[in-house]
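What follows is the residue order along each chain.
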Amino acid sequence: GGAIGSVLMSFDVQAIRAQFPILAQQINGNPLVYLDNGATTQKPDAVIDAISNFYRHDNSNVHRGAHTLSDRATSAFEQARVAVQGLLNAGSSDEIIWTKGTTESVNLVAFSWGQANLKPGDRVLVSAMEHHANIVPWQLVCAKTGAEVVPIPVTDAGELDLEALDGLLDERVKFVSIVHVSNALGTVNPVAEIIARAHRVGALVMVDGAQAVAHFDLDMQALDCDFYTFSGHKLFGPTGIGALYGKMALLEAMPPFMGGGEMIETVSFEQTTFNRVPYKFEPGTPNIAGAVGLAAAITWFNGLDRAAMMAHEQAVLDYAVECAHNYPGLTLIGQADQRAGVLSFVLDGSHPHDVGTLLDQQGVAVRTGSHCAMPIMSRLGVSGTVRASFALYNTREDVDALFAALDKVKLFLF
Ligand code: 7TS
């Protein structure tokens, strides 16, 4: 239709690719086809320059110096928090806590909230399609508190079993921690629905948005989400910086996760009192340049026509799925109705790692293995997959290059 045609026109993927210097190179004599965006995304000039400019002109520690550079660094750091607030549509920037990424955020909530609130007999639900980062922290805390981690089953298609969820939701469930988009399958979970159902039994909900943030609009207030987290490096920003959103009342009631400077109000050997939220959860010198780089990534991302971007990404993924369906000897792992960013598959009779190595020889970068999600691999009866994961700068030509390279892989292997 004309409407789709005109939105697509406002997303010039070649102009976008030109802003990512790393993409314009040859790998093993072939143009790089970067399809490992689930692991980390590449960075546009705007982000690289923002980090470089920060270190060239403004670098200093935050919240402590009585000098101009410290003021500049502090203001850039706090403006970055506001940028994250905007990205998530959180009610206040004080509800944004800097972490080093999704993994640290889940650990913060599991240990701070979990140790203070979980008791023997309590249950924490996670899904069977979680990344290990959203399983293991809960196992550690449940081992200390006597609570139990219970997996929400997943269907053969790789979708969350919502009926089974309803069966599990009772007064024993105190917390549900669920991935928004599966990194192993690309399944998009109906998080608004899950949050509403969990709230009906009084459970809190955390959403792991690591694989969602580069693909969708997010709105904490509309979702009524209790906690949400993502990693900056999966949103065209630097590694080592991420954010945790939490509702203010919950954050205020939670004890600190780690102690140190900055997170305190007063320290004495009689009694130490803590700083207000968010600083209570931010001990030590933070990743200031990382926050500045992430803010640049968000500003850059906000400059795109979001609807056109999403239409482009859906078209590329739909094309990849169609090619996969028509490809002899290829089995898709995960066939959810709603998916984003990921094509996970096995080539019959071959090991994913061999396929990945042979693709790399042709310049095609994918990830292979269990994708830090072993439970969903065993649930779906595979030891690992080949995963092509897409970002907004990928094209149909990248998909064609993947399948042309697979033709050669098959010639080599069979
Ligand atoms: N949750 C999900 C859904 C993820 O995809 C990842 C990283 C994490 C949590 C952990 O994020 P981190 O930034 O703290 O490491 N996923 C992947 C991946 O799929 N390939 O490499 C990293």
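Student: How do you make sense of the overall build of the chain when you look at a structure like this?
Tutor: Regarding its fold elements, the chain presents 15 helices and 17 strands. Expected size for 414 residues packed as a compact globule is a radius of gyration near 22 Å; at 22 Å, the chain falls within 12% of this value. Here the C-alpha coordinates of the chain stretch approximately 75 × 55 × 40 Å along the principal axes. Of all 414 residues assigned to the chain, the portion counted as buried reaches 56%. When contacts within the chain are restricted to residue pairs at least 6 apart in sequence, long-range pairs at least 24 apart make up 71% of them.

Student: Would you mind showing me how to read the sheet that holds strand β17 (residues 385–389) here?
Tutor: Pairing between sheet strands relies on hydrogen bonds along the backbone, with the strands arranged either parallel or antiparallel. Spatial strand order, β13-β14-β17-β16: four strands in an open sheet with antiparallel pairing. The two strands at the open ends of the sheet, each matched to only one other strand, are β13 (330–332) and β16 (367–369). Strand-to-strand twist of the sheet, defined as the mean angle between neighbouring strand axes without regard to direction, takes the value 30°. This element, helix α15 (residues 396–413), spans β13, β14 (342–347) and β17 of the sheet and lies at about 15° to β14.

Student: Help me understand the pattern of salt bridges in this model?
Tutor: Pairing is possible between side chains of opposite charge, provided their charged atoms come close. Summed over all chains, the structure comprises 16 salt bridges. D58 is the salt-bridge partner of R72, the closest N and O atoms lying 2.9 Å from each other. Taken together, the residues R72 in helix α4 (residues 68–88) and D58 in helix α3 (residues 45–58) connect sequence positions 14 residues apart. Relative accessible area serves as the criterion here: at 40%, R72 is assigned to the partly exposed category.

Student: Just checking my understanding: could you explain the site of the ligand for this structure?
Tutor: For the ligand, the set of nearby residues contains 16 residues, the closest of which are T103, D208, S231, R367 and R387. Here an oxygen atom of the ligand sits 2.7 Å away from a polar atom, N or O, in the side chain of H233. A distance of 2.5 Å is found between a nitrogen atom of the ligand and a side-chain nitrogen or oxygen belonging to R367. Classifying every residue of the shell around the ligand by side-chain character gives four nonpolar, eight polar and four charged.

Student: For this particular structure, what's the right way to read the side chain of E95?
Tutor: By the element assignment, E95 lies in the loop between α4 and β4 (96–99). Of the side chains with opposite charge, K247 comes closest to the buried, unpaired E95, at an N-O distance of 8.4 Å. Reaching out from E95, the side chain makes a polar contact with the backbone nitrogen of M248 at a distance of 3.0 Å. Leaving out residues up to four positions away in the same chain, E95 has contacts with A90, L244, Y245, G246, K247, M248 and L251.

Reading guide: rules and limits
Residues numbered from 1 in each chain as written. Predicted model: local features only at pLDDT ≥ 70, side-chain atom pairs only at ≥ 80, totals over all residues. Heavy atoms only, no water. Helix = DSSP H or I, 4+ residues; strand = E, 2+ residues; numbered from the N terminus. Rg over C-alpha atoms; globule rule 2.2 N^0.38 Å. Buried < 20%, exposed > 50% of the residue type's maximum accessible area, 1.4 Å probe, protein only. Contact = heavy atoms within 4.5 Å. Pairing = 2+ DSSP bridges. Axes fitted to C-alpha atoms, helices over the stretch in contact; angles between N-to-C directions. Salt bridge = Lys/Arg side-chain N within 4 Å of Asp/Glu carboxyl O. Near = heavy atom within 4 Å. Polar contact = N/O pair within 3.5 Å; in protein donor to acceptor, adjacent residues only side chain to side chain. Nonpolar A, V, L, I, M, F, W, Y, C, P; charged D, E, K, R; others polar. Lys, Arg positive; Asp, Glu negative; His and termini not counted.

Distances and angles like these do not, on their own, reveal function.
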